[in-house]
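Structure at a glance
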Amino acid sequence: MNKTVKRILGSVLALAMVVGVGYTLNNQIKPQGVAAASTSNYNGKAPKYIFMFIGDGMSFPQIQAAQYYKGIQEHGEIDVKKGNYPNPEKLSFMNFPVTGTVTTYDSTSLCPDSASTATSLSTGNKTLSSVINMDETKTKSYETITEKLKKQLGYKVGIVSSVNIDHATPGAYYAHVPSRSEYYSMGLELVDSNFDYFAGGKFLSDDSKEVKEQGKAKIGELAKEKGYTVVNTKTDIKNLKKGDKAIAVCPDDEVEKESGAIKYNLDRTGNELTLADYTKKGIEVLDNDKGFFMMVEGGKIDWAGHANDAGANIKETEAFSDAVQEAVNFYNEHPNETLILVTGDHETGGLTIGFAGTNYDTYLQNISNQKVSYTAFDRNIEEYRKNKTSFDDAMKDVEAQFGLKRAGSSGESTKGGMVLTQAEEAKIKAAYEKSMVSKADRKLDENENVMYGTYEPFSVTLTHVLNNKSGISFSSYSHTGIPVAMMAKGLGEDLFAGYYDNTNVFDKLKNITKVQ
């Protein structure tokens, strides 16, 4: 072949690639390499019981941070002078036989939101950020894997979340709306879904304009009319039994008052129901001869990531792991009939293990000094503002709840120590003064916006300082574009190995279950 022919062929191939890529982007077709990963043949038996665990905002850094921290907690304090390498303690899903890596971009961004990414997982389609189970024109609805399994195979379906039942990720398994903020419409679809078990935080739709301004019935009341047992006390939730068609709403005395979600694991006072409890009850309620599909979301991993609260983030990942363990326990009784998937929808916060100020060292044991989440400490700040509390008095609470000691106190300020440097204390004091200004009157400059985001300056600065002293840092208050992990155990597990797109998760489930 002469050089001229080679050049012509090369140009044709290059043009074909450009046209192909352009066609792919313009028509939202999956990249060829990614699509190929979803066409793996599966000739085995369809799983009778399928668990889909989604750690909202959870990627590799969240998993590793929780593992290393758990190791410290299980094996005791580290002698900083002798080194700080922890004994890792695996989470419940880290020894699953199959692992994969999943890309998360949507039609809008490389840093997508939960509505679009959950849509990809539940329907196999890309869409715009904030859209749930509809196309980019917001006119065409996509059928979810849960709807297919319910209609075609008669599976029972359960949806569980540590945040509100009508939040974006749980909503992506039963609703179809052009905007994730259309809570009342999502609630109506929940009621009409005829799914069998819902559990989590309070309905956001209860505060919607449809309820408050137009006087429409609350979703819980409409659900009762459709035959649901709606319960919101610990006793009634515990008394739910096999075969009940139920909605379990977090009890009033256990809910986080600011959000209506289940409390942060870090803020639990003892015997509140956990994500694992709601998962275990779901297994009991859904268990039947035809099979079931249960989606369980660890939603507050994401919320803690947004706030750059590493302590709360780690504890939420541990709570999520406990929920997965309930599925593992069930799997051990039904090993030839079950599939468990554990993944994330996207990463939140740009969490990383490593900080410029600690070089190659980490001191994750410092995180154990944090006793409350940023949300709980924000309530203290409200009182400080109201009572005009002095910085000196506020710092007494800081030492008690975060372990951070005033500059000049006995102990180390570097090398893993909890004593503040003068620079750190100055940063905290500046944030305190900003927090003492009412939110309505508060003005932030460009630098302060980067330092505090939309969070309470005092609390977010405290978590930043504690994070950094521990060798942890964040790059964002938003979502990032890094891929997430996939762990699989059970029938069809091999299909989930490799590097592929989140839309392929749906494709693989469809392949395994043989639904159309």
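In this text, all values refer to a predicted model and were calculated from it rather than measured experimentally.

1. Side note on the UniProt feature "active site" (unreviewed entry) in the chain
- The sites that UniProt annotates as "active site" (unreviewed entry) are Ser114.
- Tracing the backbone shows Ser114 in helix α4 (residues 114-123).
- Aside from chain neighbours lying at most four places away, what touches Ser114 is Asp56, Ala168, Thr169, Arg180, Asp345, His346 and His479.

2. Considering the confidence of the model for the chain
- When the pLDDT values of the chain are averaged, the result is 92; 90% of them are 70 or greater.
- Note that pLDDT drops below 50 for residues 1-39; the model gives that stretch 26 contacts with residues more than four away or on any other chain.

3. Comments concerning the packing of aromatic side chains
- Tallied over the full model, the rule gives 22 aromatic pairs.
- Ring centres 5.6 Å apart and planes at 90° place the aromatic pair Tyr174 and Phe198 in the edge-to-face group. With Tyr174 in the loop between α6 (168-171) and α7 (183-193) and Phe198 in strand β4 (residues 197-201), this pair connects stretches of sequence that are 24 residues apart.
- With relative accessibility at 2%, the residue Tyr174 sits in the buried group.
- Aromatic rings pair up to connect Tyr49, Phe51, Phe53, Phe93, Phe292, Phe320 and Phe330 into one cluster.
- Across from the ring centre of Tyr105, 3.7 Å away, lies the NZ or CZ of Lys126, which sits over that ring.
- Over the ring of Tyr500 we find Lys508, and its NZ or CZ is 4.4 Å from the ring centre.

4. Here's the deal with unusual backbone geometry
- Not every positive phi belongs to a glycine, and Ser130 is a case in point at roughly 80°.
- Structurally, Ser130 is set in the loop between α4 and α5 (145-153).
- For Ser130, a relative accessible area of 24% gives the class partly exposed.

5. Some thoughts on helix α13 (residues 310-333)
- In this model, α13 (24 residues) spans 35 Å end to end at C-alpha, consistent with the 34 Å of a helix rising 1.5 Å per residue.
- Of all the 24 residues making up α13, 18 are buried; the element is thus mostly covered by neighbouring parts of the structure.
- Looking at where α13 begins, the residue whose side-chain oxygen comes 3.3 Å from the main-chain nitrogen of Gly311 is Asp309.

6. Description of the sheet that holds strand β14 (residues 498-501)
- Here 10 strands make up an open sheet; going across it, the order is β5-β6-β4-β3-β7-β1-β8-β13-β2-β14 and the pairing mixed. Two strands lie at the open edges of the sheet, namely β5 (229-231) and β14, each paired on one side alone. Looking at each pair of strands side by side, their axes are set apart by 15° on average, direction ignored.
- Sheet strands in contact with helix α3 (residues 60-75) are β2 (98-103) and β13 (484-490), and its direction is about 70° off that of β13.

7. Focus on the nonpolar core
- Residues Phe53, Phe93, Tyr278 and Val342 are the most contacted members of the largest nonpolar core, which totals 53 residues.
- In terms of residue count, α13 provides more of this core than any other element does, 9 residues in total.
- Residue contributions to this core reach at least three from each of two domains, namely domain 1 (49-350 + 477-513) and domain 2 (354-474).
- Setting aside chain neighbours within four positions, we find Phe93 in contact with Met58, Ile63, Phe320, Ser321, Val324, Val342 and Met487.
- Ala172, Phe198, Leu339 and Leu341 belong to the second largest nonpolar core, which has 52 residues in total.

8. As for the pattern of salt bridges
- Counted by the stated rule, this structure contains 27 salt bridges.
- In this structure, Lys386 and Glu383 form a salt bridge, with 3.4 Å as the shortest nitrogen-oxygen distance. Of this pair, Lys386 and Glu383 both sit in helix α14 (residues 374-387), 3 residues apart, roughly one helical turn.
- Judged by its relative accessible area of 59%, Lys386 falls in the exposed class.
- Taking the relative accessible area as the measure of exposure, Glu383 reaches 36% and is therefore partly exposed.
- Glu456 is paired through a salt bridge with Arg442; the nearest N and O atoms lie 2.9 Å apart. Of this pair, Glu456 sits in the loop between α17 (446-452) and α18 (457-470) while Arg442 sits in the loop between α16 (422-435) and α17, and the two are 14 residues apart along the sequence. With respect to class, Glu456 is no different from Arg442; both count as buried.

9. Things to note about the packing of α4 against helix α19 (residues 503-513)
- At a closest axis distance of 5 Å, the pairing of α4 and α19 adopts a crossing angle of 20°. It follows from the interaxial angle that α4 and α19 lie roughly parallel. The element α4 and its partner α19 pack so that their crossing is right-handed. When α4 is examined against α19, the residues Ser120, Leu121, Ser122 and Thr123 are found in contact with a partner set consisting of Thr503, Val505 and Phe506.
- The class makeup of the residues in the contact of α4 with α19 is 3 nonpolar, 4 polar and no charged.

10. A short note on the UniProt feature "binding site: Zn(2+)" (unreviewed entry) in the chain
- Feature annotation in UniProt places "binding site: Zn(2+)" (unreviewed entry) on Asp56, Asp302, His306, Asp345, His346 and His479, given in this structure's numbering. For the annotated residues, spread through 424 residues, the largest C-alpha to C-alpha distance comes to 14.3 Å, consistent with a single compact locus.
- Examined against the element boundaries, Asp56 turns out to sit in the loop between β1 (49-55) and α3.
- Overall, the relative accessible area of 3% leaves Asp56 in the buried class.
- With sequence-adjacent residues up to four places away left out, Asp56 is seen in contact with Ser114, Thr169, Glu297, Gly298, Gly299, Ile301, Asp302, Asp345 and His346.
- Relative to the helices and strands, His306 resides in helix α12 (residues 300-306).
- Aside from chain neighbours lying at most four places away, what touches His306 is Thr348, Tyr455, Tyr477, Ser478 and His479.

11. What to know about the pairing of strand β8 (residues 338-344)
- Burial runs high along β8: 7 of the 7 residues are buried.
- Burial along β8 is two-sided: the residues Thr338, Ile340, Val342 and Gly344 and Leu339, Leu341 and Thr343 are all buried.
- Sheet topology places β8 next to β13; 5 bridges connect them, and they run antiparallel. Across the sheet, the residue bridging to Ile340 is Lys489, located in β13.

12. Examining the domain arrangement of the chain
- For the chain, the domain assignment lists domain 1 (49-350 + 477-513) and domain 2 (354-474).
- Centre-to-centre, using C-alpha coordinates, domain 1 lies 31 Å away from domain 2.
- When domain 1 packs against domain 2, the two sides together hide about 2300 Å² of surface, and 58% of this comes from carbon and sulfur.
- Put simply, domain 1 and domain 2 have 1 salt bridge between them.
- A salt bridge links Glu258 to Arg379, with the shortest nitrogen-to-oxygen separation between them at 2.6 Å.
- Of all the elements in the fold, those that place two or more residues in the side of domain 1 that touches domain 2 are α3, α12 and α13.
- Among the elements that take part in the side of domain 1 that touches domain 2, α3 stands out by supplying 5 residues, more than any other.
- Partitioning the side of domain 1 that touches domain 2 into residue classes produces 15 nonpolar, 8 polar and 6 charged.

Rules used throughout
Residues numbered from 1 in each chain as written. Predicted model: local features only at pLDDT ≥ 70, side-chain atom pairs only at ≥ 80, totals over all residues. Heavy atoms only, no water. UniProt positions renumbered as here; feature names shortened; annotations may be inferred. Helix = DSSP H or I, 4+ residues; strand = E, 2+ residues; numbered from the N terminus. Contact = heavy atoms within 4.5 Å. pLDDT = per-residue confidence, 0-100. Phe/Tyr/Trp six-rings, centres within 6.5 Å; stacked < 30°, edge-to-face > 60°. Buried < 20%, exposed > 50% of the residue type's maximum accessible area, 1.4 Å probe, protein only. Lys NZ or Arg CZ within 6 Å of the ring centre and 35° of its normal. Expected span 1.5 Å × (residues − 1). Polar contact = N/O pair within 3.5 Å; in protein donor to acceptor, adjacent residues only side chain to side chain. Pairing = 2+ DSSP bridges. Axes fitted to C-alpha atoms, helices over the stretch in contact; angles between N-to-C directions. Core = buried A, V, L, I, M, F, W, Y, C linked by side-chain atoms within 4.5 Å. Domains from an automatic or database assignment. Salt bridge = Lys/Arg side-chain N within 4 Å of Asp/Glu carboxyl O. Parallel < 35°, antiparallel > 145°, perpendicular 65-115°, else oblique. Left-handed = near helix turned anticlockwise from the far one by under 90°. Nonpolar A, V, L, I, M, F, W, Y, C, P; charged D, E, K, R; others polar. Buried area = accessible area lost by both parts, 1.4 Å probe.

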